[in-house]
Amino acid sequence: GAGVSQTPSNKVTEKGKYVELRCDPISGHTALYWYRQSLGQGPEFLIYFQGTGAADDSGLPNDRFFAVRPEGSVSTLKIQRTERGDSAVYLCASSLEGGGAGSTDTQYFGPGTRLTVL
Amino acid sequence: AQKITQTQPGMFVQEKEAVTLDCTYDTSDPSYGLFWYKQPSSGEMIFLIYQGSYDQQNATEGRYSLNFQKARKSANLVISASQLGDSAMYFCAMREDNTGGFKTIFGAGTRLFVKA
């Protein structure tokens, strides 16, 4: 079956511009996660959706970052006034049910969007 | 303090040999989950194995096993009979069930090179 897809695969933008990154989760997965991975680092949690609502957005670095999931499937990560430090690979993952105490729910990752801010 | 520590930036192993990738973690939450992921050069993160903090036995999945030593807060990944396709980055991760929200925290990773 289809896995998690992310578009675009690469995005080059100029400092100060606005960008949108899209994630299509696995059909039927209610939980969706966004991560950011800088070069030589592990993924860094940004935000978690359960259905349409952001259940945990504690990882968003500042108010320039925002994410939505209006219909509980596709999600868009929005970055305003991009800065060079935003350059990274943005990973999306989905899981069937989501986290919580004792959950063994497996996250399936997409291929990522490589964002370069010039 | 680092929540997940992977002290080996790079590891080499001969094909068909076993290799252990180290991971130590730090939490005061009594309930947590530990994960290992593989990231090949293509960039996609692939789930390998899971260990819950209350699991009595070490997790195993095919050639992967997790050496869970709770008192030492270590969760090392053992790959048996290494294959050339095992060459990749490997990340250890943790989810704290009561105090961590829904976030999964990843270590910095270990790059594994399998030699023919």
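Structure's up top.
What you are looking at is a predicted structure, and each value in this text was computed from that prediction instead of being measured. Chains are numbered independently. Their residues run from 1 in the order of the written sequence. Written order determines the labels here, with chains lettered from A and ligands numbered from 1. In keeping with the model being predicted, local features are shown solely for residues with a pLDDT of at least 70 and side-chain atom pairs are shown and tallied solely at 80 or more, while totals for entire chains, interfaces and linings include all residues. To get the side-chain values, all heavy atoms of the structure are used, and hydrogens and water are removed first.

S.K.: An account of the side chain of serine 53 of chain B is requested, with residue identities and associated values reported.
M.R.: All names here are of chain B. Looking at the element boundaries, serine 53 is found in the loop between strand 6 (46-52) and strand 7 (60-61). At 3.1 Å, the side chain of serine 53 forms a polar contact with the backbone oxygen of proline 30. For this analysis, residues touch if any pair of their heavy atoms sits within 4.5 Å. Excluding its chain neighbours within four sequence positions, the residues that come into contact with serine 53 are Pro30, Ser31, Tyr32, Phe68 and Lys70. Think of it this way: any DSSP run of H or I at least four residues long counts as a helix, any run of E at least two long counts as a strand, and we number them from the N terminus. As used in this structure description, the phrase polar contact means that two N or O atoms lie within 3.5 Å; if the pair is within protein, one of them must be able to donate a hydrogen and the other to accept it, and residues adjacent in sequence are counted only when both atoms belong to side chains.

S.K.: Which residues make up the state of the cysteines, and what are the values?
M.R.: Residue and element names in this part refer to chain A. The term disulfide is used for any two cysteine sulfur atoms that are within 2.5 Å. Following the criterion strictly, the structure yields two disulfides over all chains and no others. Covalent S-S linkage joins cysteine 23 and cysteine 92, the inter-sulfur distance amounting to 1.9 Å. Residues cysteine 23 and cysteine 92 share a disulfide whose torsion about the S-S bond is about -65 degrees; that sign makes it left-handed. Of this pair, cysteine 23 sits in strand 3 (residues 19-24) while cysteine 92 sits in strand 9 (residues 88-95); the two residues are 69 residues apart in sequence, bridging distant segments of the chain. In this structure, cysteine 23 and cysteine 92 share a single accessibility class: buried. For every residue, the accessible area (1.4 Å probe, protein chains only) is compared with the maximum for its type, and the residue is labelled buried under 20%, exposed over 50%, or partly exposed between those bounds.

S.K.: Any details on the pairing of strand 8 (residues 75-79) of chain A? Residues and values, ideally.
M.R.: Note on strand geometry: in a regular strand, side chains alternate between the two faces of the sheet. All names here are of chain A. Of all five residues in strand 8, four are buried, a share of seventy percent or more. Two strands form a pair only when DSSP identifies at least two bridges running between them. Pairing of strand 3 with strand 8, which is carried by five bridges, proceeds in the antiparallel orientation. Residue pairing in the sheet places cysteine 23 in a bridge with serine 75 of strand 8. Across four bridges, the pairing between strand 7 (residues 65-68) and strand 8 is antiparallel. In the strand pairing of strand 8, phenylalanine 66 is matched with lysine 78. Taking the residues that link successive antiparallel strands as the turn, the strand 7-strand 8 hairpin has six residues, and the phi of glycine 72 there is positive, at about 80 degrees.

S.K.: Account for the interface of chain B and chain A, with residues named and values stated.
M.R.: In this complex, chain B contributes 21 residues to the contact, which on the side of chain A involves 25 residues. By definition here, a salt bridge exists when the distance from a side-chain nitrogen of Lys or Arg to a carboxyl oxygen of Asp or Glu is within 4 Å. Linking chain B to chain A there are zero salt bridges. Applying the counting rule to chain B against chain A returns three residue pairs in polar contact (both at pLDDT 80 or more). Among the elements that make up the side of chain B that touches chain A, the one with the highest residue count is strand 5 (residues 32-39) of chain B (three residues). When residues are grouped by polarity, Ala, Val, Leu, Ile, Met, Phe, Trp, Tyr, Cys and Pro land in nonpolar, Asp, Glu, Lys and Arg in charged, and all others, Gly among them, in polar. By residue class, the composition of the side of chain B that touches chain A is nine nonpolar, eight polar and four charged.

S.K.: Outline the pairing of strand 6 (residues 53-56) of chain A, listing residues and values.
M.R.: All names here are of chain A. Summarising the sheet, strand 5 (residues 44-50) and strand 6 pair through three bridges and their orientation is antiparallel. Opposite glutamine 50, over in strand 6, you have glycine 53 as the bridge partner. In sequence, strand 5 turns back onto strand 6 through a hairpin of two residues, with glycine 51 there showing a positive phi of about 70 degrees.

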